[in-house]
Structure formats: structure tokens, C-alpha cells
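The residues making up each chain are set out below.
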Amino acid sequence: MSRLGQQVERVERVVRSWKPGESVARHLSDHFSCHRNMGARDRRECRAWVYAWIRLGRSLEDLPFAKRLAVATYLTTTEPYPALEALLNSELSDIELPSLQSSVEEKINAVARSFPGFSLEKIFPGSSRISSGLDRAAFLSGLFLPPELWIRVRTKYREQVIQELTDRSIPFTVDPILPNAIRLPNRTSIDDLEASRKHLLEVQDRSSQATAEFFQPKSGETWLDACAGSGGKSLLLLDQEPGLHLTVSDRRPSILKNLKERFGLANLKPDELVVCDLTQPETNWPEQKFDVVLADVPCSGSGTWTRKPEGLFTEVDEAFFQRFRSLQQKIVKNLSSRIKPGGRFIYLTCSVFSAENEEMLSWVEQETNLKLQQYRYFEGAAYRADTLFGASFLN
């Protein structure tokens, strides 16, 4: 069997053994662990082709595996290499297609002309519920642009990090709007950077960094990061204003343990860590009220499905939305009583669905004393980043 045939067969085995809902990254890691004889090039190509195949979602499912794989790799790749050229020549030579370097919009249109069953709406589940506040065409086209690696440099070390990246000849771009946001090619290894070892930087998506425009912290303020997760936004907040008093909470003790370790590595420390379930009104809640409450609430994660394309196989129906709405409403309702008069509430999601965003804004104003001040989407397609939503309320 030719090398191309072996690679296609390998990719098909990986894809067929993957179950929707399972992490693609973990599935690939498990596969590579079981096949340690695979060389670096084979792993790199296998990973890229598996992700490409999954990025087609449920579109073109009737095509033979190799042809569907060729369409997927054509849409997601901009630079040719021998194995890819062999695959395209084998499966798509009878079709007139723009070059790999053409814009993703041109390539999508060409595929749609050649394969009538191809549809962006079929790729993204629940596409009819995507917010009208987004550039829908740009967002859906961005599904074929694998995200870049974004880092956030701690403010006082910015020039030091930039100098090290330059000295190491690592390609990078400093964001023109967010001066501490730096874009690196996907899968750039930063672990051996001195700046990384000294924790002068954090891996953080550009859109996540951009949400800081809602923060505007002041020294001495009391803040609650109510759904802290790994603590990325808390670290960003303290980098903006080290003089505030920060409480972080999450319902998972292991998450807060990891957060505490991450803060320690950055020589930072929150005032208090609280394990509590925010869907319950009286479960080990912080007793005080806060100047600002920040809640990056549980959501569909649909704004990250470019980075995690396994989400494209999610069953999106009314029950799906109701499950998240119920969580979001309980959390917001309970948190609203923890905000000082005149204080602020910041609501964040990584969703593109209006049911979790704009529709929630109306509910918040109706069911609490909070009044909407501003809201917006942080669109990531142009930056090869996630898409997030944020809103700010006044109590």
C-alpha cells in the first residue's frame, strides 16, 4: 500500500473510533501513545487530517471517506505539502478548485458549487439560532481557519518577552489593539521559553483578553470572580489592578486547587477561595457584598467550536438551550443579591447563540434589580480566535 493509502487508512481508523462528545485532542493523544512507532511527520499529518475531517461536522456525510477527507483538508489548509498534494490529486483532480492560498470564502464557494450537499448550516448545529449581532458569514467561514496560539504578557515584562521571541526567531504578531496580546502560529512550543518558565506570560485567547474592557477596576474595590475556572480572567484582572480585593469561587475543589497553584506561580494571591455551587441560594456563599461581581457562566461553548470542533457534533435543540438557560438564570439570580448598591455585574459567555446572550439580558432586567449598561460580542474570526459575549449591568 502506498504511503498515502496508509495515511488515509490510519486517519479513518482514528475517526471511526472517535465518539462524538469525546475530546479530539485526548483521542489523538491516546492513539499516538498506542502507536509510538509513528514518526513526527506522520503524527503531524494525522492530527491535521483528523481535525480537518471533524471540522466538516455533519456535512457531506454521504461522500466516500477519502474524498470527504480531501475536501476537508483543502478547506483547512493554505500551504501545500507532498502528502496533501497527493491526496488532492487522487480525490479532487476532476474538479476545478481555486488554489490552497485562495481566501477561505473562495474555497467554500467552489466546494459548494462542486458538491451540492455542502452547507455551512449543516456544519454548525443550531445555526439558525446564531445571534444576528454577529457577522454570521465571517463566523461560519472561520470554522475552517484553525485558531492561532494567543498569549498575554504581564504588563511590566512586555518588552522582555518580545525580545526573547525575537531572539529565538519565533514568528509573532503584537495585537494592534491589545498591546499585551501576542499571536503565535498554532502549535508553537513556548514551554522552553525563559518567559514561560518565569511565568511572565499566560496562554489566553485574544477574545478572552478583550473582555477586560468591561473590567475597569479601581484600587481598593472588592471583586468576586464567581465562576473562576482556571483563573485566566482573575489573573488578567489583577494585572490591570493589583490593589483590588479579589475573592474567587467555583463549585469544583480541584479547579480551585489548580487555580491557587497557578496564582502562586505568578506570585499572586486572591484574598479568598470559596468552594460553592452558585445554582444553590445558600450553599457556603461568601457573606460579604462586592463592588463588582464577574460571572463567566456555564454555556454551550459554541464560540469555541473553531478551537474544539468536536462541538460541531452536538445535538442542539430546545432542551439543549433550556438546560443552559436554567443554570444561567439560577446563577445570575443568586449573584444579584451579592452586589453592593451602585455596584456592577459583568456577565460573560463563550456562546454565539442569542438564547444564552441577548435573550438573557432581558431576563436579567426583569428578574433582578440590575440595569443593563452595555453589551457586545468579541468576534474572533478575523483574529483566528474564539468568539465571546459580554454584558455589564449596574445594581
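Not measured: the values here are computed from a predicted model.

Student: Which residues make up the nonpolar core, and what values do they have?
Tutor: One recurring pattern in soluble globular proteins: nonpolar side chains tend to sit buried together. Within the largest apolar cluster, 83 residues are counted, with the highest numbers of intra-cluster contacts made by F118, F124 and F345. Considering each element in turn, this core owes the most residues, eight residues, to helix α4 (residues 65–76). The residues contacting F118, other than those within four sequence positions of it, are L56, S59, L60, L75, I108, V111, A112, I123 and F144.

Student: So, the packing of helix α1 (residues 3–17) against helix α3 (residues 40–55): which residues are in play, and what are the values?
Tutor: Packing of α1 against α3 leaves a shortest axis separation of 10 Å and a crossing angle of 55°. Considering the angle they form, α1 stands oblique to α3. Note on packing geometry: the crossing formed by α1 with α3 is right-handed. Together, R3, L4, Q7, V8, R10, V11, V14, V15 and R16 of α1 and R41, D42, E45, C46, W49, V50 and W53 of α3 make up the contact between the two elements. Residue classes in the contact of α1 with α3 are distributed as nine nonpolar, one polar and six charged.

Student: Provide a residue-level description of the pairing of strand β3 (residues 181–184), including the pertinent values.
Tutor: Successive side chains on a regular strand alternate, one facing one side of the sheet and the next facing the other. The pairing of strand β1 (residues 149–153) with β3 spans four bridges and is classified as antiparallel. Counterpart to W150 in the pairing with β3 is R183. In this sheet, β3 lies alongside strand β2 (residues 173–174) in antiparallel orientation, the contact comprising two bridges. Within β3, the position partnered with V174 by the bridge is I182. Where β2 hands over to β3, the hairpin turn is made up of six residues, counted between the paired strands.

Student: I'd like a description of the sheet that holds β1, backed by residues and values.
Tutor: Overall, antiparallel pairing links the four strands, which are arranged β2-β3-β1-β4 in an open sheet. With one partner strand each, in any of the chains shown, β2 and β4 (201–203) form the two edges of the open sheet. Where helix α12 (residues 232–240) meets the sheet, its contacts fall on β1 and β4, and the angle it forms with β1 comes to roughly 35°.

Student: Give a detailed account of the pattern of salt bridges, specifying residues and quantitative values.
Tutor: Taken as a whole and judged by the stated rule, the model has 23 salt bridges. Of the charged contacts, one joins R16 and E12 as a salt bridge, the two residues approaching to 3.4 Å between their closest N and O atoms. You can see R16 and its partner E12 sitting in helix α1, four residues apart, about one turn around the helix. We classify E12 as partly exposed; its relative accessible area is 29%. Across the pair E318 and R129 runs a salt bridge, and its minimum N-O distance is 3.2 Å. On the criterion of sequence distance, the pair formed by E318 in helix α14 (residues 318–336) and R129 in the loop between α7 (120–123) and α8 (136–141) is long-range, its members being 189 residues apart. Using a relative accessible area of 43% as the deciding quantity, one classes E318 as partly exposed. Residue R129 is classed as partly exposed on the basis of its relative accessible area of 24%.

Student: Give me the lowdown on the sheet that holds strand β9 (residues 339–349), citing residues and values where you can.
Tutor: Spatially, β7-β6-β5-β8-β9-β11-β10 is the arrangement adopted by the seven strands of the open sheet, whose pairing is mixed. Each edge of the open sheet carries a strand with a single partner, namely β7 (272–275) and β10 (371–378). For this sheet the average axis-to-axis angle between neighbouring strands, irrespective of direction, equals 15°. Here four bridges tie strand β5 (residues 222–225) to strand β6 (residues 245–250), and the two strands are oriented parallel to one another. Bridge assignment links T222 to a residue of β6, and that residue is H245.

Each value, and the rule that gives it
Residues numbered from 1 in each chain as written. Predicted model: local features only at pLDDT ≥ 70, side-chain atom pairs only at ≥ 80, totals over all residues. Heavy atoms only, no water. Core = buried A, V, L, I, M, F, W, Y, C linked by side-chain atoms within 4.5 Å. Buried < 20%, exposed > 50% of the residue type's maximum accessible area, 1.4 Å probe, protein only. Helix = DSSP H or I, 4+ residues; strand = E, 2+ residues; numbered from the N terminus. Contact = heavy atoms within 4.5 Å. Axes fitted to C-alpha atoms, helices over the stretch in contact; angles between N-to-C directions. Parallel < 35°, antiparallel > 145°, perpendicular 65-115°, else oblique. Left-handed = near helix turned anticlockwise from the far one by under 90°. Nonpolar A, V, L, I, M, F, W, Y, C, P; charged D, E, K, R; others polar. Pairing = 2+ DSSP bridges. Salt bridge = Lys/Arg side-chain N within 4 Å of Asp/Glu carboxyl O.

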